[in-house]
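Observations on the three-dimensional arrangement
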Amino acid sequence: MTRSRRRQVIVRGQCLPELAITVPVDSTSSVMKIINKRSVPLERKQRLSRSLLWQFQRNYFERQGIGAWSAGVVPHHITSSPFIADAYARVVFGFLRDCETAAHREDPSFPPLDLSQAIHIVELGSGPGRFAYLFLKKFLAYQRDSVLKDIPVKYVMTDFTEQNVEYWRAHAWLQPLIEAGLLDFARFDVEHDQKLKLIHSRDILSAKKLRNPLIVISNYLFDSIPQDAFFAHDGHLFETLVSLSTPQKESDPGDPEILSRVELSYDHNPVNGNYYGDAKWNRILLDYKHRLSGTAFLFPTGALQCIRNLRRLSNGRMLLLSGDRGYSSDAALLEGKGAPTMAVHGSVSMMVDYQIIGEYCRLRGGEVLHPAHRSESLNISAFLFGKTPGSFVETRQAYAETIEKFGPDDFFTLKEGIAQVVEALSLEQLIAFLRLSCWDYKRFWECLPALKKHLEDISDIQKQELHEAILKVWDSYLPIGEENDLAFQLGTLLLEINYYEEALKLLQQSVDLYGMAPGTAYNLSVCYYSLGQTEKALEYVNQALELDPEFDAAKALRVELRSAVPATALKQRRRRRASIGSRRGQYQSSVEAAEQADSANGINSPRTTRASRANITRKKKRGRHELNK
Ligand SMILES: C[S@@+](CC[C@H](N)C(=O)[O-])C[C@H]1O[C@@H](n2cnc3c(N)ncnc32)[C@H](O)[C@@H]1O
């Protein structure tokens, strides 16, 4: 849904045509309010890139840490999905092939790779860290099976907040990657820093030290850092100045909630002469001024500054892959996408003009890949610096295949439609959709009710396929302490299709991450019972009843278990129990069990609040270093 707000813009007695502000409205974002007369002013007529708004934004990320994502406040699913991780891994792999080919041709303009040093893939503003984990899994799989397998690669997750960096460092699932020297971390502020100090290896990435090209990834970052706003009209350029206020006196300027209260208004001021200290930025500004009359646009100063610094650091050999709410064509600007509107979703974001970033890169001798079609939610562009003899043919092909032909933005547009008809899909269609998503756990949640409906009438072959799908969804997941207990749901589904050993592993993961709950203990008991391990089954059903003495299904199961015949008759019982497990009515799905337990006793179900960093780090202390299990 979009809403248009139009108002007159008066500049020195001239009456400019109406400035159309097109405001996207959806459930996750609200739009900044226009200033209200009784509000308390915070600043007046400030250049947007220097506004207090950006300090509030930094305060937000600094104070919230991982909570910004685990509580589901800051949107991140499209940029943390296995689909985008796969697409980026293939583009980066293409770039590596280009570097390798150039090295073989001994072209002096592109020095050979120095294999005594890693090629660094630096992710800016890594936030929840899910992208890094999924990217590395995909990328390493591609590299392992290729002629490039001996090229050393290191991924560097960065953010300006210490809290985020410390969270990733302590995450048990990232430990094997750190220990293998494939992953490192750095605090890096894209607005100010010129080099990176890696925390584990203690290496410094600077222009002096880097021998290989640099690969940089940034998602949902350029739309979260400072920009300027302008309005071009009839050969004149006007800067858009912002005034901020809030409805109440703010006693704590670091309060992360300020962003949700702040109100803003705009004024326009004519620009004469050079606006920026950088001649290339001024050239782009001038071009827009003459080319786009009657148009508002944003100028991504933070992004340009960051690219300028990183290009220097990379000695002019760099691939930057970047995705944001943004656009890369005049058509989008003429539609009103360049208006200085902000979406509030815990933090704030503004659209990014990738056309300007592209123009800047071209002026610096780089090459640019933009999607040829309009993006619905995420514009992904690639910027290449440093000439190769083949002109980055492999990178271009990979971009064309993974972003242009059908990319993350297309997938997310399509999945909105599929969500409407998911109940009508066959089991094969649901699994095909999960496969297309690269086994995205969010898509799994959306498909779960429909998947469960098919359990009533499922063949052995379908069970086998569903079992494989479930394991792949788990393999494409990194927990960050969110409320929903994925391991529990996947484990329960495996139990329901009689994959007891695998169900046990996932239910144990649920216990590791969220602690024991009556439903989990009950399902563990059913698993052991179905495997013929009556004593273990009794142990877990007792735990279920300790946690919830009124748990009827558990009481019944305990009676049955106590009468179970040990040793000699075990084989026979095992056979019988296999049929018990296959009839769903014989045990509650743990979801129902947990829900009953919840409502009867107020006990936390596996799907409630005990997800925690504590559990993740506890695993690490026990020395469990498996990649994802
Ligand atoms: C909207 S989040 C995006 C996180 C993640 N890349 C994603 O796609 O979900 C913006 C991230 O950039 C970080 N960030 C904001 N300003 C930054 C700056 N000046 N330098 C480095 N990181 C910054 C924030 O801490 C946050 O992690």
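You'll find the structure just up there.
Residues numbered from 1 in each chain as written. Predicted model: local features only at pLDDT ≥ 70, side-chain atom pairs only at ≥ 80, totals over all residues. Heavy atoms only, no water.

Right, let's get into the site of the ligand. Neighbouring the ligand are 22 residues; Thr-79, Gly-125, Asp-159, Asp-189 and Asn-219 lie closest to it. The separation between a nitrogen atom of the ligand and a polar side-chain atom of Glu-191 is 3.1 Å. Protein burial of the ligand: of its 590 Å² of free accessible surface, 98% is covered by the chains. Class assignment for the residues of the shell around the ligand results in nine nonpolar, nine polar and four charged. When residues of the shell around the ligand are assigned to domains, at least three map to each of domain 1 (2-70 + 225-296) and domain 2 (77-224 + 310-411). (Near = heavy atom within 4 Å. Polar contact = N/O pair within 3.5 Å; in protein donor to acceptor, adjacent residues only side chain to side chain. Areas by Shrake-Rupley, 256 points an atom, 1.4 Å probe, with all protein chains shown as cover. Nonpolar A, V, L, I, M, F, W, Y, C, P; charged D, E, K, R; others polar. Domains from an automatic or database assignment.)

This paragraph deals with the side chain of Lys-463. Relative to the helices and strands, Lys-463 resides in helix H16 (residues 460-475). Nearest to the buried, unbridged Lys-463 among oppositely charged side chains is Asp-460, at 4.1 Å. When neighbours within four sequence positions are excluded, Lys-463 is seen to be in contact with Ile-458, Ile-497, Asn-498 and Tyr-499. (Helix = DSSP H or I, 4+ residues; strand = E, 2+ residues; numbered from the N terminus. Buried < 20%, exposed > 50% of the residue type's maximum accessible area, 1.4 Å probe, protein only. Lys, Arg positive; Asp, Glu negative; His and termini not counted. Salt bridge = Lys/Arg side-chain N within 4 Å of Asp/Glu carboxyl O. Contact = heavy atoms within 4.5 Å.)

Together, Phe-406, Leu-414 and Leu-436 make up a nonpolar patch on the protein surface, roughly 220 Å² of accessible area in all. Mapped onto the elements of the fold, Leu-414 is located in helix H13 (residues 408-421). Its relative accessible area of 39% is what places Leu-414 among the partly exposed residues. (Patch = residues over 30% accessible without salt bridge, like charges linked within 9 Å, V, L, I, M, F, W, Y side chains within 5 Å.)

Moving on to the pattern of salt bridges. The final tally for this structure, using the stated rule, is 25 salt bridges. Here Arg-90 and Asp-86 are joined by a salt bridge, their closest N and O atoms 3.0 Å apart. One end of the pair, Arg-90, and the other, Asp-86, are both in helix H3 (residues 82-104), four residues apart, so they sit about a helical turn from each other. Linking Glu-416 and Lys-415 is a salt bridge whose minimum nitrogen-to-oxygen distance equals 2.7 Å. With a relative accessible area of 46%, Glu-416 lands in the partly exposed category. The exposure class of Lys-415 is buried, given its relative accessible area of 11%.

A few words now on unusual backbone geometry. With phi around 45 degrees, Lys-45 is a residue other than glycine that occupies positive phi space. For Lys-45, the position within the fold is in strand S5 (residues 40-47). Residues other than glycine seldom take positive phi values, yet Phe-392 does so here, at roughly 55 degrees. Examined against the element boundaries, Phe-392 turns out to sit in the loop between strand S22 (379-385) and helix H12 (393-405). Classification of Phe-392 by relative accessible area gives buried; the value is 0%.

Attention shifts here to the sheet that holds strand S8 (residues 183-187). Pairing in this open sheet of seven strands is mixed, and the strands run S8-S7-S6-S11-S16-S22-S21 from one edge to the other. This sheet does not close on itself; its edge strands, each paired only once, are S8 and strand S21 (367-369). On average, each strand axis in the sheet is tilted by 20 degrees relative to the strand beside it, whichever way the strands run. With five bridges connecting them, strand S7 (residues 153-159) and S8 associate as parallel partners. Note that in S8 the partner of Tyr-155 across the bridge is Leu-183. Relative to the sheet, helix H4 (residues 130-144) contacts strand S6 (119-124), S7, S8 and strand S11 (214-219), its axis offset from that of S7 by approximately 170 degrees. (Pairing = 2+ DSSP bridges. Axes fitted to C-alpha atoms, helices over the stretch in contact; angles between N-to-C directions.)

Here we take up the packing of aromatic side chains. Using the criterion set out here, one finds 32 aromatic pairs in the structure. An angle of 10 degrees between the planes, with centres 6.2 Å apart, marks the rings of Tyr-354 and Phe-383 as stacked. Of the two residues, Tyr-354 is situated in helix H11 (residues 354-363) and Phe-383 in strand S22; the sequence distance between them amounts to 29 residues. Here Tyr-354 and Phe-383 have matching classes, each one buried. Ring centres of Phe-411 and Phe-412 lie 5.5 Å apart, and the angle between their planes is 85 degrees; this geometry places the pair in the edge-to-face category. Relative accessible area serves as the criterion here: at 0%, Phe-411 is assigned to the buried category. (Phe/Tyr/Trp six-rings, centres within 6.5 Å; stacked < 30°, edge-to-face > 60°.)

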